[in-house]
Amino acid sequence: MAECISIVVDHRERCSGIAALLRARDVDVQEEQLPVGDYIISERIAVERKRATDFLDSLVGKRLFDQVGRLADAYPRPILVIEGDGLFSRNIHE
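Keep in mind that this is a model prediction, so the values were computed, not measured.

A. Geometry of the overall build of the protein. A tally of regular secondary structure across the protein gives 3 helices and 5 strands. The order of α-helices and β-strands along the protein, N terminus first, is β-α-β-β-β-α-α-β. Each principal axis of the C-alpha distribution contributes one length, and for the protein these read about 55 × 25 × 20 Å. Counting only residues that meet the buried cut, the protein has 29% of its 94 residues in that class. The long-range fraction of contacts in the protein, counting pairs at least 24 apart against all pairs at least 6 apart in sequence, stands at 58%. Total accessible area on the protein is roughly 6,800 Å²; 52% of this is exposed by carbon and sulfur atoms.

B. Just helix α2 (residues 52-60), in detail. By the burial criterion, the buried members of α2 are Ala52, Phe55, Leu56 and Ser58. Buried residues of α2, seen end-on, are gathered within an arc of 160 degrees and therefore sit on one face of the element. At its buried positions, α2 is contacted by β4 (45-51), α3 (64-74) and β5 (77-83). Following α2 by one or two positions, Lys62 has its phi on the positive side, about 60 degrees.

C. Structural context of the nonpolar core. Counting 8 residues, the largest nonpolar core is built from Ile7, Val9, Ala19, Leu22, Val27, Val29, Tyr39 and Val47. Counting only elements with at least two residues in this core, the list comes to β1 (6-10) and α1 (18-24). If near-sequence neighbours (up to four positions away) are discounted, Val27 is found in contact with Ile5, Ile7 and Leu22.

D. How the structure looks around the side chain of Glu13. Here Glu13 lies in the loop between β1 and α1. What makes Glu13 buried here is its relative accessible area of 11%. Reaching out from Glu13, the side chain makes a polar contact with the side chain of Tyr39 at a distance of 2.8 Å. Excluding residues within four positions of it along the chain, Glu13 makes contact with Asp38, Tyr39 and Arg49.

About the criteria used
- Residues numbered from 1 in each chain as written.
- Predicted model: local features only at pLDDT ≥ 70, side-chain atom pairs only at ≥ 80, totals over all residues.
- Heavy atoms only, no water.
- Helix = DSSP H or I, 4+ residues; strand = E, 2+ residues; numbered from the N terminus.
- Buried < 20%, exposed > 50% of the residue type's maximum accessible area, 1.4 Å probe, protein only.
- Contact = heavy atoms within 4.5 Å.
- Areas by Shrake-Rupley, 256 points an atom, 1.4 Å probe, with all protein chains shown as cover.
- Arc of directions from axis to C-beta.
- Core = buried A, V, L, I, M, F, W, Y, C linked by side-chain atoms within 4.5 Å.
- Polar contact = N/O pair within 3.5 Å; in protein donor to acceptor, adjacent residues only side chain to side chain.

This is how it looks when you write it as structure tokens:
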């Protein structure tokens, strides 16, 4: 018998539809308010998901490095997913 996959999803991600997609694939999804990250895959892996525009806003607002730093402090294998269009829509100096 296959082992059941369990993922903890931050409740604020409900509107993304990802939790529903996971449930449709027989994944055990638990919704909670997470202190860091959007998805906890295991005790070692957490995922922070950002739309490209949110990524740029976090970068310009100087929140990004704090967010990913806290994720890296909490989990040995942090993952940052940047999705959507517009990543190169702003002229941000390196």
